[in-house]
Amino acid sequence: MSTSKKRVLVIGAGYAGATVAVRLAGRSRGRAEVTVVNPRPQFVNRLRLHHVAIGRAVPAPDLRRMLGAGVTLVEGHVTTLDPDAGRATVAGPDGVRTLAFDRVVVATGSTTAAAPVPGGELVHAVGDLESAHRLRTAFAALAAGTPVSVVGGGFTGLETVAELAESRPDVPVRLVTAGEVGGWFTPPAAEHVRRTLEDLGVEALGGTRVRAVAPDRLVLEDGAEVPSGLTVWCGGFAAPPLARDAGIAVDDRGAILTDAALRSLSHPAVLAVGDAGHTPAPDGARFSMSCQFAFPSAAHAADALVGDTVIGFDGAVDDRPLDLGFTARCVSLGRRHAVLQPTTTTDVARGRAVTGRAAVLAKRFQVRGTVAAIGLERRLPGAIRWPHADRPVQDAPTTAGSAP
Ligand SMILES: Cc1cc2nc3c(=O)[nH]c(=O)nc-3n(C[C@H](O)[C@H](O)[C@H](O)COP(=O)(O)OP(=O)(O)OC[C@H]3O[C@@H](n4cnc5c(N)ncnc54)[C@H](O)[C@@H]3O)c2cc1C
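Residues numbered from 1 in each chain as written. Predicted model: local features only at pLDDT ≥ 70, side-chain atom pairs only at ≥ 80, totals over all residues. Heavy atoms only, no water.

Caption draft 1: Up close: the sheet that holds strand 6 (residues 95-100). Sheet architecture is open: 3 strands sit in the order 4-5-6, paired in antiparallel fashion. Strand pairing shows two members of the sheet lacking a second neighbour, strand 4 (77-82) and strand 6, which therefore form its edges. Pairwise comparison of adjacent strand axes, ignoring direction, gives a mean angle of 20° for this sheet. Pairing geometry for strand 5 (residues 87-92) and strand 6, over 6 bridges, is antiparallel. If you follow T89 over to strand 6, its bridge partner there is T98. (Pairing = 2+ DSSP bridges. Helix = DSSP H or I, 4+ residues; strand = E, 2+ residues; numbered from the N terminus. Axes fitted to C-alpha atoms, helices over the stretch in contact; angles between N-to-C directions.)

Right, dumping it as structure tokens:
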């Protein structure tokens, strides 16, 4: 057994990276030297980036304080990763340096996937802090009456279009989505989503794809044109190119292909957590890019590494699969509306959704609970727990359990 401290490098300090780091530092009891690289020393609560876009004040907690004394934060961007040699290059405010590691956890998250249509470079996004800041400036500068479009009717698109419409009643806001508006929800909840958007003044166009973007309009797949002086693309997330550039096997969105134990299929000593990992769920699909995956996957990876630190990293990484089931989704529609939709463990909407004040409070709890959960994990290592996949559907609670 090796007795020296093992160097664990965590790349990215979003929900997943910060959780891996504090849980591992706490649970390994000094056997692991945990270093986190993140581009900035503040924590970005991504669930609130559409709030940033409309100019709301969103706290930016100090990352060093969040991570605590047991974790070293290096400010910078990992520009190259060599998993076989155990080396990463970091470019930061103090220049370029190389970090050596025994184990690496990739927690680089995601950003909005590029809009794959002509004129795609014209769109705005809310998937990362820089994009949200750019959108804030452009949205605030819009003259009254300038039409705004949000493309994509997933959770981020719905939340974003509602915030934009609520905050600027003086501009017409439209949602364009290939699917049915609110189609993921149960039919009564979907109807509630549609009615709420209508009340907020959103014109919702479902079953329509955008074929091209121009500075003043969108071209739809049937050739029709709709005016749009500002277009926000919410067509899905993609992982940054670091893993692909490192020769690690990734999917078509750049997320690392892993087994159910979060180990890279091409480099089993590399762990991927949160949006950075494409991990098979029990039903054969992948776990969605979500907080509900980010927190449990991070906690599970930390626990696997704690086991490794005991055996000195000489053996294979712990191969226990992540046992995770979903329980509910909570989607806000502006400040005053939200829908808390129970799901099966495989993330399919079911049962009666909660709306009104209770759902708004649940959403507020979720959004603020992300930062609190990392602080709790630092103080009480092992505190983050999550619902399991084998829980019978009828027993599933209607809140997201202790994983925000
Ligand atoms: C507006 C919005 C609303 C959302 N609402 C919900 C919701 O209601 N529920 C839900 O479950 N999910 C929601 N999501 C999705 C959720 O935010 C993501 O699934 C979640 O952030 C994933 O966490 P993560 O830690 O994997 O990645 P992130 O939170 O993206 O963190 C990744 C970190 O890695 C850093 N990083 C990236 N590349 C490098 C590099 N090369 N070197 C160093 N650091 C790097 C990034 O800067 C970032 O700090 C929402 C997303 C958005 C944008």
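Caption draft 2: Examining the site of the ligand more closely. Residues in contact with the ligand amount to 35 residues; listed here are only the nearest, A16, N38, D275, C291 and K363. In this structure, Y15 approaches the ligand through a main-chain N or O atom, which is 3.1 Å from an oxygen atom. At 2.9 Å from an oxygen atom of the ligand is found a side-chain nitrogen or oxygen belonging to N38. Compared with its free state, where it exposes 990 Å², the ligand has 93% of that area covered by protein. Within the residue set of the shell around the ligand, elements represented by two or more residues are helix 1 (15-27), strand 2 (32-38), strand 4, helix 5 (155-167), helix 8 (291-311) and helix 9 (356-379). For the shell around the ligand, the element with the most residues is helix 8, which contributes 3 residues. (Near = heavy atom within 4 Å. Polar contact = N/O pair within 3.5 Å; in protein donor to acceptor, adjacent residues only side chain to side chain. Areas by Shrake-Rupley, 256 points an atom, 1.4 Å probe, with all protein chains shown as cover.)

Caption draft 3: Fine view of the sheet that holds strand 2. On the basis of which strands lie adjacent, the open sheet formed by 5 strands has the order 3-2-1-7-18 and parallel pairing. This sheet does not close on itself; its edge strands, each paired only once, are strand 3 (71-75) and strand 18 (270-272). Taken over all neighbouring pairs, the strand axes of this sheet differ in orientation by 20° on average, direction set aside. In this structure, strand 1 (residues 6-11) lies alongside strand 2, joined through 6 bridges in parallel fashion. Each bridged residue has a counterpart across the sheet, and for V8 the counterpart in strand 2 is V34.

Caption draft 4: Region of interest: the pattern of salt bridges. In the structure shown here, the tally under the stated rule is 18 salt bridges. Between R336 and E166 there is a salt bridge, and its shortest N-O distance comes to 3.8 Å. Here R336 is found in the loop between strand 20 (328-332) and strand 21 (338-342), whereas its partner E166 is found in helix 5, with 170 residues between them in sequence. Residue classification places E166 among the buried residues on the basis of a relative accessible area of 18%. Between D259 and R263 there is a salt bridge, with the nearest N and O atoms lying 2.8 Å from each other. Per residue, the accessibility class of D259 equals that of R263, and both read buried. Connected through shared salt-bridge partners, R23, R27, D303 and E377 make up one network. (Salt bridge = Lys/Arg side-chain N within 4 Å of Asp/Glu carboxyl O. Buried < 20%, exposed > 50% of the residue type's maximum accessible area, 1.4 Å probe, protein only.)

Caption draft 5: Broad picture of the pairing of strand 13 (residues 217-220). Pairing analysis gives 4 bridges linking strand 12 (residues 210-214) to strand 13, with the strands arranged antiparallel. Bridge pairing in strand 13 links A212 to V219. A loop of 2 residues connects strand 12 with strand 13, the two strands running antiparallel in sequence. Pairing between strand 13 and strand 14 (residues 225-227): 3 bridges, direction antiparallel. Counted as the bridge partner of L218 is V226 from strand 14.

Caption draft 6: Quick look at the pairing of strand 9 (residues 148-151). Residue alternation in strand 9 divides its side chains into two sets, V148 and V150 and S149 and V151, and both sets are buried. Where strand 9 meets strand 10 (residues 173-176), 4 bridges bridge the pair, whose relative direction is parallel. Following the sheet pairing, V151 is matched in strand 10 by V176. For the crossover from strand 9 across helix 5 to strand 10, the handedness is right-handed. Across 4 bridges, the pairing between strand 9 and strand 15 (residues 230-233) is parallel. Residue V150 lies in a different strand from strand 15, and its bridge partner there is V232. (Right-handed = clockwise from strand over helix to strand, strands pointing away.)

Caption draft 7: Structural context of the packing of helix 1 against helix 9. Where helix 1 meets helix 9, the closest approach of the two axes is 8 Å, and the angle between their N-to-C directions is 15°. Considering the angle they form, helix 1 stands roughly parallel to helix 9. Considering how the two elements wind past one another, helix 1 and helix 9 form a crossing that is left-handed. Contacts between helix 1 and helix 9 involve Y15, A18, T19, V22 and R23 from the first element and T370, I374, E377 and R378 from the second. Of the residues contributing to the contact of helix 1 with helix 9, the split by class is 4 nonpolar, 2 polar and 3 charged. (Parallel < 35°, antiparallel > 145°, perpendicular 65-115°, else oblique. Left-handed = near helix turned anticlockwise from the far one by under 90°. Contact = heavy atoms within 4.5 Å. Nonpolar A, V, L, I, M, F, W, Y, C, P; charged D, E, K, R; others polar.)

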